[in-house]
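Chain by chain, the residues:
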Amino acid sequence: MLRLSRKGQYGVRAMFEIARGHGNKPVPIKEIAERQAVSVAYLEQILNKLKNGGLIRSVKGPGGGYVLSKKPEDVSISAILNELEGPVAITSCLDPEEGCVRVDGCVTYMLWKSLGEKIDAFLRTVTLKDLIAGTLFNKNFPPRAGSPRRTSRPRRPEAKKLKVKSSK
């Protein structure tokens, strides 16, 4: 099973909360933590990385919290995950820190590299605005596995309802 780390999951969820408040007021870390069931201490680490990466900024003082540095439509899920986890490397051989000594003779290297590139390309097309609007699968993405496909067949006309006379 291919899994995203908790840091990546919580980071996207935190950014979603901050994006929902975009243009209104800063979102306090305590509010993000409560809404997303994440500890404040762990969230501080994640938000500091996102702040250092220029995706958010903090506002100090009463009424302070976090705000996006860009519009929600300008922040991709890929940018968030890259900041928190680095580039997509679905196997250790693709991880720049680990590398692989068998790259030239490996039969699966290009397979994993291509899959990682496709995942990242998809994540670059999804923005915080998509998450807020709930329009993720209204884009031209293939349907999720197991989800019903939409067809262009016309709907069946509804059966005519019979009027029942009351016996009053």
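Residues numbered from 1 in each chain as written. Predicted model: local features only at pLDDT ≥ 70, side-chain atom pairs only at ≥ 80, totals over all residues. Heavy atoms only, no water.

Caption draft 1: Structural detail: the side chain of Thr-127. Its location among the elements puts Thr-127 in the loop between helix H5 (109–125) and helix H6 (128–133). A relative accessible area of 12% means that Thr-127 is categorised as buried. Every residue in contact with Thr-127, bar those within four places of it in the chain, is listed here: Pro-72, Glu-73, Val-75, Ser-76 and Ile-77. (Helix = DSSP H or I, 4+ residues; strand = E, 2+ residues; numbered from the N terminus. Buried < 20%, exposed > 50% of the residue type's maximum accessible area, 1.4 Å probe, protein only. Contact = heavy atoms within 4.5 Å.)

Caption draft 2: Broad picture of the pattern of salt bridges. Evaluation of the coordinates by the stated rule reveals five salt bridges. Here Glu-17 makes a salt bridge to Arg-35, at a shortest N to O gap of 2.8 Å. One end of the pair, Glu-17, is in helix H1 (residues 6–20); the other, Arg-35, is in helix H2 (residues 29–36), and 18 residues separate them in sequence. By relative accessible area, Arg-35 is classed as partly exposed at 42%. Through salt bridges that share partners, Glu-17, Arg-20, Glu-31 and Arg-35 make up one connected network. (Salt bridge = Lys/Arg side-chain N within 4 Å of Asp/Glu carboxyl O.)

Caption draft 3: Highlighting the nonpolar core. Ranked by internal contacts, the top residues of the largest apolar core, which has 28 residues, are Met-15, Leu-47, Leu-50 and Ile-80. When residues of this core are traced back to their parent elements, those giving at least two are H1, H2, helix H3 (40–52), strand S2 (65–68) and helix H4 (77–85). Broken down by element, this core gets its largest block of residues, six residues, from H1. With sequence-adjacent residues up to four places away left out, Met-15 is seen in contact with Leu-50, Leu-55, Ile-56, Leu-68, Val-75, Ile-80 and Leu-128. (Core = buried A, V, L, I, M, F, W, Y, C linked by side-chain atoms within 4.5 Å.)

Caption draft 4: Just the packing of aromatic side chains, in detail. Using the criterion set out here, one finds one aromatic pair in the structure. Taken together, a centroid distance of 5.8 Å and an interplanar angle of 80 degrees make the contact between Tyr-10 and Tyr-42 edge-to-face. Linking Tyr-10 in helix H1 with Tyr-42 in helix H3, this pair joins segments that are 32 residues apart in sequence. (Phe/Tyr/Trp six-rings, centres within 6.5 Å; stacked < 30°, edge-to-face > 60°.)

Caption draft 5: Inspection of the pairing of strand S1 (residues 56–59) at higher detail. Sheet topology note: the S1/S2 ladder contains four bridges and is antiparallel. Note on S2: the bridge partner recorded for Ser-58 is Tyr-66. As consecutive antiparallel partners, S1 and S2 are separated by five residues, and within that stretch Gly-61 has a phi angle of approximately 90 degrees, a positive value. (Pairing = 2+ DSSP bridges.)

Caption draft 6: Spatial organisation of the packing of H1 against H3. Across the interface, H1 lies against H3 with an axial gap of 10 Å and an inter-helix angle of 75 degrees. The angle between H1 and H3 places the two elements in the roughly perpendicular class. Side by side, H1 and H3 meet where Arg-6, Lys-7, Tyr-10, Gly-11, Ala-14, Met-15 and Ile-18 of the first sit next to Tyr-42, Leu-43, Ile-46, Leu-47, Lys-49 and Leu-50 of the second. Taken together, the residues of the contact of H1 with H3 sort by class into nine nonpolar, one polar and three charged. (Axes fitted to C-alpha atoms, helices over the stretch in contact; angles between N-to-C directions. Parallel < 35°, antiparallel > 145°, perpendicular 65-115°, else oblique. Nonpolar A, V, L, I, M, F, W, Y, C, P; charged D, E, K, R; others polar.)

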